[in-house]
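# A structural walkthrough
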Amino acid sequence: MTITFITGANKGLGRETARRLIECGHTVLVGARNREQGEEAAAALGARYVPIDVTDDASVAAAAANVAGHEGRIDVLINNAGVHGPVGDPGDLTAADALGVLDVNVIGVIRTTTAFLPLLRRSDDPVIVNVSSGMGSLALTHDPDRPESHVVAPLYTASKAALTMLTTQYAKGLEGIRVNAADPGYTATDLNGHSGPQTVTEGTDAIVRLATEAPGAGSGRFVSRHGDIAWS
């Protein structure tokens, strides 16, 4: 049985990913900061709720200890938790704004990955999926035919560019662990006021694909629901 831990799994892409992976036969652990929402999601999906705040070292350590005591390992870690941050005029940005976004979208991934590595290393086929975004791609955000080029979201885009680079470094440095990044695409979620044209199910296609690939699949890739994306 594949055991999968998902951060930010109480709603949106994380919850839909949990639902789909349970349908695929995974044992899913719903990681969420909000206990009420996390417990509700887990009960509705047939999963187990694990409290985690990816911005808090003690919370992340406690989550890893919780899983170690119950399941003893994980096979797939999906770093999904994320925030958007300010949109529009970057002249109004503050250091506090930047720290808030980076603490969730980049540093939170580092905290969680480091804490859960011992549990992943107990798996026969460990996998990490980082939920990134085409908004972090230089190529896509400069292509006038792409929706990514028409949004000014300085901190979100910067954080996702950092996350995709972090993914490549993990893929190079973590021997025996597949590490890939997923671009959900412009999906209707709370993050964008449900303005995206894709359904939440379509938005999880790349995540589910990476979480369910057979042993030996490639590492260090950036994948959308339409296929691999160039690192640019």
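So, here's what we can say about the structure. Remember, it's a predicted structure, so these values are computed and weren't measured experimentally. (Residues numbered from 1 in each chain as written. Predicted model: local features only at pLDDT ≥ 70, side-chain atom pairs only at ≥ 80, totals over all residues. Heavy atoms only, no water.)

With 27 residues, the main nonpolar core has Phe5, Val67, Ile74 and Phe116 as its most contacted residues. Counting residues per element, the ones that place at least two in this core are β1 (3-6), α3 (57-70), α4 (95-120) and α6 (154-173). At seven residues, the largest contribution of residues to this core is made by α4. Contacts of Val67, omitting those with residues within four sequence positions, involve Phe5, Leu29, Arg48, Val50, Gly72, Arg73, Ile74, Phe116 and Leu119. Leu21, Ala32, Ala206 and Ile207 belong to the second largest nonpolar core, which has 23 residues in total. (Core = buried A, V, L, I, M, F, W, Y, C linked by side-chain atoms within 4.5 Å. Buried < 20%, exposed > 50% of the residue type's maximum accessible area, 1.4 Å probe, protein only. Helix = DSSP H or I, 4+ residues; strand = E, 2+ residues; numbered from the N terminus. Contact = heavy atoms within 4.5 Å.)

Taken as a whole and assessed by the stated rule, the structure comprises 16 salt bridges. A salt bridge links Asp57 to Arg111, with the nearest nitrogen and oxygen atoms 2.7 Å apart. In this pair, Asp57 sits in helix α3 while Arg111 sits in helix α4, placing the two residues 54 residues apart along the sequence. Note that Glu202 is salt-bridged to Arg225, the shortest N-O span being 3.8 Å. Of this pair, Glu202 sits in helix α7 (residues 200-203) while Arg225 sits in the loop between β7 (222-224) and β8 (227-229), and the two are 23 residues apart along the sequence. (Salt bridge = Lys/Arg side-chain N within 4 Å of Asp/Glu carboxyl O.)

Bringing the packing of helix α1 (residues 12-23) against helix α2 (residues 35-45) into the picture now. Where α1 meets α2, the axes come as close as 10 Å, and the angle between the chain directions of the two elements is 25°. Accordingly, the angle class assigned to the pair α1 and α2 is roughly parallel. Considering the relative orientation of α1 and α2, their crossing is right-handed. Across the interface between the two elements, Arg15, Ala18, Arg19 and Ile22 from α1 touch Glu40, Ala41, Ala44 and Leu45 from α2. Class assignment of the residues belonging to the contact of α1 with α2 gives a composition of five nonpolar, no polar and three charged. (Axes fitted to C-alpha atoms, helices over the stretch in contact; angles between N-to-C directions. Parallel < 35°, antiparallel > 145°, perpendicular 65-115°, else oblique. Left-handed = near helix turned anticlockwise from the far one by under 90°. Nonpolar A, V, L, I, M, F, W, Y, C, P; charged D, E, K, R; others polar.)

Before going further, it helps to examine the pairing of strand β3 (residues 48-51). Relative to β3, strand β2 (residues 27-32) runs parallel, the two sharing four bridges. Bridge assignment links Gly31 to a residue of β3, and that residue is Val50. On the question of chirality, the crossover connecting β2 to the parallel β3 by way of α2 is right-handed. (Pairing = 2+ DSSP bridges. Right-handed = clockwise from strand over helix to strand, strands pointing away.)

Attention now moves to the sheet that holds β2. Ordered in space as β3-β2-β1-β4-β5-β6-β7-β8, the eight strands form an open sheet in which the pairing is mixed. Of all strands in the sheet, those bounded by a partner on one side alone are β3 and β8. Strand-to-strand twist in this sheet, taken as the mean axis angle between neighbours without regard to direction, amounts to 25°. Sheet analysis places β1 next to strand β4 (residues 76-79), joined by three bridges and oriented parallel. What sits directly across from Thr4, in β4, is Val76.

Function-wise, these values are silent; they only describe arrangement.
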